[in-house]
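Descriptive structure summary
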Amino acid sequence: MSEEKLSGAELVVRSLEYMNISTIFGLPGGAILPAYDPLYDSPIRHILARHEQGSGHMAEGYAQATGELGVVIATSGPGATNLITPLTNALMDSTPLLAITGQVASEAIGNDAFQEAYTVGLTMAATKHNYLITNAEEIPQILLEARHIATTGRPGPVLVDIPKDILNQKVEWIEPKLVDLPGYKPTLEPNPKMINQAADLIKKSEKPILYVGGGIIHSKANEELFELATKFQIPVVTTLMGRGAFPDGNELCFEMPGMHGNYTATTSIQKSDLLIAIGVRFDDRVTANPKFFAQNAKVIHADIDPAEIGKIREPEVPIVGDAKSVITGLIERLEGSDLKTTDWINELNQMKKDYPLSYIQEEKGPLKVPFVLEELQKLSDEDAIVVSGVGQHQMWISQHWNFTQPNTWLNSGGLGTMGYSLPAAIGAQAAYPDRQILALDGDGCFQMTCQELITASTENIPIKIVVFNNGNHGMVRQWQKIFYKNRFSASELTHHTPDYVALAESMGATGLRMIEKSDVKKVFEKMLEINDKPVLVECIVDPEDMVFPMVPAGGSNDVVILNEDDLKKL
Amino acid sequence: MSERILSVLVEDKPGVLARVASTISRRGFNINSLAVGPTNIQGRSKMTIVTELESVEQVKKQLNKLINVIKIVELDPENTIESEVLLLKVSINKDTQTSVIEKASLSGAKSVDVGSDYAVFEMTGASKDLDKLENLLKPFGIIEMIRGGRIAIQTKL
Ligand SMILES: Cc1ncc(C[n+]2csc(CCOP(=O)(O)OP(=O)(O)O)c2C)c(N)n1
Ligand SMILES: [Mg+2]
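Keep in mind that this is a model prediction, so the values were computed, not measured. (Residues numbered from 1 in each chain as written. Chains lettered and ligands numbered in written order. Predicted model: local features only at pLDDT ≥ 70, side-chain atom pairs only at ≥ 80, totals over all residues. Heavy atoms only, no water.)

Facing the 16 residues of chain B at the interface are 18 residues of chain A. With both sides pooled, the region where chain B packs onto chain A buries about 1300 Å², and carbon together with sulfur makes up 56% of that total. At the boundary of chain B with chain A, the tally comes to 1 salt bridge. For Asp305(A), the salt bridge goes to Lys65(B), with nearest N and O atoms at 2.5 Å. Across the contact surface, chain B and chain A share 5 residue pairs in polar contact (both at pLDDT 80 or more). If you list the elements that add at least two residues to the side of chain B that touches chain A, you get α1 (16–26), α2 (56–64) and β4 (69–75) of chain B. (Contact = heavy atoms within 4.5 Å. Buried area = accessible area lost by both parts, 1.4 Å probe. Salt bridge = Lys/Arg side-chain N within 4 Å of Asp/Glu carboxyl O. Polar contact = N/O pair within 3.5 Å; in protein donor to acceptor, adjacent residues only side chain to side chain. Helix = DSSP H or I, 4+ residues; strand = E, 2+ residues; numbered from the N terminus.)

It is worth spelling out the coordination of the magnesium ion (ligand 2) at this point. Residue and element names in this part refer to chain A. The protein atoms that coordinate the magnesium ion (ligand 2) are Asp443 (OD), Asn470 (OD1) and Asn472 (O), at distances of 2.0 to 2.2 Å. The sequence pattern describing where the donors of the magnesium ion (ligand 2) fall on their chain is D-x26-N-x1-N. Separated by 29 residues along the polypeptide, Asp443 in helix α19 (residues 443–449) and Asn472 in the loop between β17 (464–469) and α21 (474–483) bring together distant segments of the chain. As far as the burial class goes, Asp443 and Asn472 line up, both buried. (Donors = N, O, S within 2.8 Å, 3.2 Å for Na, K, Ca; no water. Buried < 20%, exposed > 50% of the residue type's maximum accessible area, 1.4 Å probe, protein only.)

On to the environment of Ala502(A), then. Assignment of secondary structure puts Ala502(A) in helix α22 (residues 500–506). Along the primary structure Ala502(A) and Leu512(A) are separated by 10 residues, whereas in three dimensions their C-alpha atoms are 9.2 Å apart.

With that out of the way, let us pick up the sheet that holds strand β12 (residues 298–303) of chain A. All names here are of chain A. Taking strand neighbours across the sheet as the criterion, the 5 strands line up as β10-β9-β11-β12-β13 in an open arrangement whose pairing is parallel. Looking along the sheet, the strands with just one partner apiece sit at the ends: β10 (236–238) and β13 (317–320). Averaged over all adjacent pairs, the angle separating strand axes in this sheet is 15 degrees, with direction ignored. Across 3 bridges, strand β9 (residues 208–212) lies against β10 in parallel orientation. Opposite Val212, over in β10, you have Thr238 as the bridge partner. Helix-sheet contacts for helix α9 (residues 192–204) involve β11 (274–278), β12 and β13, and the interaxial angle to β13 is about 135 degrees. Against the sheet, helix α12 (residues 263–271) touches β9, β10 and β11, its axis set at about 120 degrees to β10. (Pairing = 2+ DSSP bridges. Axes fitted to C-alpha atoms, helices over the stretch in contact; angles between N-to-C directions.)

With that out of the way, let us pick up helix α5 (residues 84–92) of chain A. Residues and elements named next belong to chain A. Every buried residue of α5 is listed here: Pro86, Leu87, Thr88, Asn89 and Ala90. At its buried positions, α5 is contacted by α3 (52–66), β5 (97–103) and β7 (157–163). Phi turns positive, to about 55 degrees, at Ser94, one or two residues after α5.

Turning our eyes to something else, we now look at the side chain of Thr119(A). Residues and elements named next belong to chain A. With respect to the helices and strands, the residue Thr119 is situated in helix α6 (residues 119–122). Here Thr119 falls in the buried class, since its relative accessible area comes to 2%. Once you skip the residues sitting within four places of it in the chain, Thr119 turns out to touch Ala80, Thr101, Gln103, Leu159 and Asp161.

Right, let's talk about the domain arrangement of chain A for a bit. All names here are of chain A. Partitioning chain A into structural domains gives domain 1 (5–172), domain 2 (192–354) and domain 3 (369–540). On a C-alpha basis, the centres of domain 1 and domain 3 stand 29 Å from each other. Taken together, the contacts link 25 residues of domain 1 with 28 residues of domain 3. For the pair domain 1 and domain 3, the summed buried area comes to about 2000 Å², and 59% of that belongs to carbon and sulfur atoms. Across the contact surface, domain 1 and domain 3 share 1 salt bridge. When the shortest N-O distance is used, the salt bridge between Arg45 and Glu459 registers 3.3 Å. Our enumeration of links across domain 1 and domain 3 arrives at 11 residue pairs in polar contact (both at pLDDT 80 or more). (Domains from an automatic or database assignment.)

A contiguous nonpolar patch, built from Phe483(A), Tyr484(A) and Leu570(A) and spanning about 330 Å² of accessible area, is present on the exposed surface. Mapped onto the elements, Leu570(A) comes out in the segment after β19 (535–540). (Patch = residues over 30% accessible without salt bridge, like charges linked within 9 Å, V, L, I, M, F, W, Y side chains within 5 Å. Areas by Shrake-Rupley, 256 points an atom, 1.4 Å probe, with all protein chains shown as cover.)

This part takes up the packing of α3(A) against α5(A). To describe two helices that pack against each other, one gives the angle between their axes and the distance between the axes. Residues and elements named next belong to chain A. Relative to each other, α3 and α5 sit at 25 degrees, their axes nearing to 7 Å. With respect to α5, the element α3 is oriented roughly parallel. On the side of α3, the interface is formed by Glu52, Gln53, Gly56, His57 and Glu60, while α5 contributes Thr85, Pro86, Asn89 and Ala90. Of the residues in the contact of α3 with α5, the class split is 2 nonpolar, 5 polar and 2 charged. (Parallel < 35°, antiparallel > 145°, perpendicular 65-115°, else oblique. Nonpolar A, V, L, I, M, F, W, Y, C, P; charged D, E, K, R; others polar.)

Below, the structure written as structure tokens:
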């Protein structure tokens, strides 16, 4: 190899180029400054966020939209601590992320130096793995390892902390070796014995349900899932993270179960005799009280992460493996069998007719989020990517948007991080400059990271933002209505509310507003025409609307609250 | 509930102990004993973790997720040899000196330092034997006691 010596900083940039990273997100500062200098000459696109939390969510949005590694870079101390939320978010939602942070000089570590934080310690429980580099020669190898860990097995965030003196250290580039970690060998191929047992159970089942989640999307197994479900006529429910893994609108798709899932999806699991759980983790938002969850069902649980299997529910058939291989194996073993599920499917379809998701949009009344969403979907592209915040609007989107493709629904499922939507949408648009990226956000969430609007305009990232302004932390208000006797402690946002249109314009975006039903189509048409800069639509919606169905936390999925009147059941 | 002994082979890298300890405490697991030390293999350390958990399966899985954890074996108590080291400093005086030393040595402890008003014993053995020694010497006034944590090895190949 070359004899020329490179600085650690140059090695960082060169390693990123070596790994074909084309876009990174970040914000500079003292300890990471050496790395920003070679970045200046690099073909890598660096998107300057206005807050490190934003840069982290951008990298997540990029990763979730593409299924590839997202990269974020930050300085020591506050730069690193500001990344803790997106790192934890990525850990919960299994998003492949590489975070590179500057650290104070090696000799100052432990001395409470200026902008020193114990980044490796602070992020130990927020990452899949992390590193502190102690010699610049290790940089290429460790960055390659970090990518390997982040993107394989169950994906997740990996952080690499690099002291400033190491960034300045001059060494030779050592060609990285193939990554081989003695303690990290994810099992991808399932045990054929387990596949056989699973297939036997499926053949015997009369009321099977495919309960699938984010694992299908990470594994890019949606086509295999489609074949499994349609060939053998097995109904499917998709978790919040799995929306888009199986196409809504298909007669076997019953969409999202759980706390705010639809009645049929939630009930199908309760009535099922066999849960075929793939790439899901029996999250409490799905199961409610696990004691009452799917009591009549045997469980096949397949996941790439062995620690998920048996964590909440002991399955009859545990399968460790990649979803794609598991499903392919099941299809092979089931070949030629004829499941008798017609009655079951009819029963579920009848239930769907009897208990539809509903809302009432009055001609002159306040706008309802579900109505606005359905109008927007009519006008937007099939492959538009929808990026949500956290709260009522998130649940309504999951309920009312028709997701037909994987990676078109980005949201913060596990951690429920308000402020995720806008920056994640920027990340998604950075990956796909020509697709429609719709950040559909709540007014509370938007105010958490709205400074990133300026990032979008500066970088010519024409995301389309809809702020559902109900003047409230709507989901909090809903809980206060139900559980706290209408005592709206600290959930109202109306006392001083920003002028969202003026705010958008001041940040170089176009601002629009919709108030009544007759505005909706016009304003969205206008919004979708603007492709040279970000556009924000303030959509003023009914503050009193509540999300139903609902199964209260810790309750039983046998008792689904369908509407306000039903609250008496509680 | 009976005890479960995990023998955990890890990469000898900075922070491994912190990762293991944090994984255990984060999930609300309790540990009775944890000992770490080098092995005969370069770059590998062994941790012996003793718990009383029914949920030991989940602990194993969570620990296995750590990149620096190479292998976890749950030892079968029937076929396991356990050992622990203890250092104990006890007060003595002219009247008690002989009987303290005698009691300790009958229990298998070795006196490593004896002064006019104190004696230090060292003992290696099964944890319950160390417990016995402690109980035996308690009446004389234990000044300080340190135990090294339990280590264990499978007897069969
Ligand atoms: C960072 C963070 N803080 C607090 C919460 C708790 N929380 C969940 S939903 C919600 C309200 C969200 O309000 P808004 O964005 O207006 O959405 P809406 O429910 O009104 O649609 C709050 C405060 C959270 N999820 N994340
Ligand atoms: Mg709101």
